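What follows is the residue order along each chain.
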Amino acid sequence: MAAPAGVLVSPSMLWQAELPNRYGTLTSDQLGEAISSRRKELGSRLLILGHHYQRDDVIRHADLIGDSLKLSRMAAAEAPRRGARFIVFCGVHFMAETADILTPDDVQVILPDFSAGCSMADMAAYDDALTAWEQIAETHRSSNVRVIPITYVNSTAAVKAFVGEHGGACCTSSNAREVFDWALAGGNERLRVGERAQLLFMPDQHLGRNTARARGLRSELDAERSKSLADMAVWDPRKPNGGLSAETISNVTVLLWAGHCSVHKLFRPEHVAQARHHHAETTVIVHPECTQEVVELADEVGSTEFIIERLHKAPEGSHWSIGTETHLVERLCRSSLDRGVFARMLSDCQCMCTTMVRINQQHLLWVLDNLAEGRVVNRIQVNAEASRLARLALDRMLSLRPPAPAAAMVD
Ligand code: SF4
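Bear in mind the structure is a predicted one, so any value in this text is a computation, not a measurement.

Engineer: Which parts of the structure should I look at to understand the sheet that holds strand β10 (residues 283-286)?
Structural biologist: Neighbouring strands of a sheet are bound in pairs by backbone hydrogen bonds; such pairs are parallel or else antiparallel. Within the open sheet, the four strands sit side by side as β11-β10-β12-β13. Their pairing is parallel. At either end of the open sheet lies a strand with only one pairing partner, and these are β11 (300-301) and β13 (342-345). Direction of pairing for strand β12 (residues 319-323) relative to β13: parallel, over a ladder of four bridges. Its bridge partner being in β13, S321 is matched across the sheet by R344. Strand contacts of helix α16 (residues 326-337): β12 and β13, with the helix running at about 165 degrees to β13, the strand carrying the most contacts.

The structure is reproduced here in structure tokens:
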């Protein structure tokens, strides 16, 4: 299959222009005032989106706050309603791509700093996915296995397009279980008698493993403990045949792509033990991008939105230890304290998304200054064919579940 031209650009290949010196001379307050003034000037033509992991001085300028997919879906509804022409996405590259796919063609999506990529999304390249697909198909040549690809929304538009073209679907950390069930039943076409489904889950092995375990499948660690065979194996795209034997590829139910989130993998089992030592009654709540070992020890596991909701509804006097990105946790700790709820970061490690943090007030002001002067800089645009194919994968996911509740509105 030919690559969908124009989507094989990884964030690291996008060159971020150096900002004029004056942006470095302004104080945080001056930058904040200048951004507010540009927002007023641009009025309803502008919509600023802020991801939950964004830094405080940037997120205060957002019109909508949410997780990546929810923001894009909200923007797709909100941009036509208010007549917005420009969406400035204070998140990372793949999020801006998804916003471009889901919003009308006359809305331009801007990422304030091109160097804000996602290390996890970059771990699954389009060419590697295609190679894996061919090698897996070769292994299954004489067997009755239907391979269905699933990609976490935290992936490039190119990988979403690959999945869309091959009959698969996207998933989020909120709906991964429903998408797993759909795929295990054969996807959009029910399995024939004697046919078996195998899932190729990209790019986050931990979300894939935790979801598969919640569906009763055995991980490699479970198999080691019970001296039985695992239902899943890690496909390493840097090795021939993913580093797996033909027998393993033939037998497992889930092939997990060797990718991970560099933020959530920093949480370790000893952090859970330390949190319980610090406060015996603490409720440990973690994101499913954490490892199996951490998830097993936690009291609750769920998406960013789930964690926020649990903290918002937590009873007065309760104590929580949270395993997700630090900017979100710090805000949750502050807002919880106002209601007499005590929350802390699960670990003292710097669990910060170091790419998202590159979006700062200087870059936000720079793109707004350019817009006000009639120039669009740092536009993210997915080509029409890749967008169409990626949309297939997104729509298959969306058809499985009713729309999620609205993102937080600011202003
Ligand atoms: S937190 Fe992890 S998955 Fe999310 S943008 Fe950062 S590196 Fe990517």
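Engineer: What is the right way to read unusual backbone geometry from this model?
Structural biologist: Negative phi values dominate among residues other than glycine, just as trans dominates among peptide bonds. Residue P203 is reached from M202 by a cis peptide bond, and omega for that bond is -20 degrees. Secondary-structure assignment places P203 in the loop between β7 (196-202) and α10 (205-214). Even without being glycine, N241 reaches a positive phi, approximately 50 degrees. Counting through the fold element by element, N241 comes out in the loop between β8 (232-235) and α12 (246-251). Despite not being glycine, N378 shows a phi value in the positive range, around 60 degrees.

Engineer: What am I meant to see in the environment of P288 here?
Structural biologist: The residue P288 is located in the loop between β10 and α14 (292-297) in this model. Taking the C-alpha atoms as reference points, P288 and H206, separated by 82 residues in sequence, lie 6.9 Å from one another.

Engineer: Could you clarify how one ought to interpret the packing of helix α8 (residues 157-165) against helix α18 (residues 384-398) in this entry?
Structural biologist: Helix-helix packing is characterised by the crossing angle of the two axes and by the distance between the axes. One can describe the packing of α8 onto α18 by two numbers: an axis separation of 7 Å at closest approach and a directional angle of 70 degrees. Between α8 and α18, the interaxial angle falls into the category roughly perpendicular. The interaxial crossing formed by α8 with α18 has left-handed handedness. Between α8 and α18, the contacting residues are A157, K160, A161, V163, G164 and E165 on the first element and A386, L389, A390, L392, A393 and R396 on the second. Considered class by class, the residues forming the contact of α8 with α18 number eight nonpolar, one polar and three charged.

Engineer: It is not clear to me how α10 should be interpreted in this structure. Could you clarify?
Structural biologist: Because each turn of an α-helix spans 3.6 residues, side chains separated by three or four positions in sequence point in the same direction. Counting buried positions along α10 yields eight of 10 residues, so the element is predominantly enclosed. Of the positions making up α10, those classed as buried are Q205, H206, L207, G208, R209, N210, T211 and A212. If you check the start of α10, you find a side-chain oxygen 3.1 Å away from the backbone N of H206, and it comes from D204. Where α10 ends, the next residue or the one after it, G216, has phi of about 90 degrees, a positive value.

Here is what the cut-offs are and how they apply
- Residues numbered from 1 in each chain as written.
- Predicted model: local features only at pLDDT ≥ 70, side-chain atom pairs only at ≥ 80, totals over all residues.
- Heavy atoms only, no water.
- Pairing = 2+ DSSP bridges.
- Helix = DSSP H or I, 4+ residues; strand = E, 2+ residues; numbered from the N terminus.
- Contact = heavy atoms within 4.5 Å.
- Axes fitted to C-alpha atoms, helices over the stretch in contact; angles between N-to-C directions.
- Parallel < 35°, antiparallel > 145°, perpendicular 65-115°, else oblique.
- Left-handed = near helix turned anticlockwise from the far one by under 90°.
- Nonpolar A, V, L, I, M, F, W, Y, C, P; charged D, E, K, R; others polar.
- Buried < 20%, exposed > 50% of the residue type's maximum accessible area, 1.4 Å probe, protein only.
- Polar contact = N/O pair within 3.5 Å; in protein donor to acceptor, adjacent residues only side chain to side chain.

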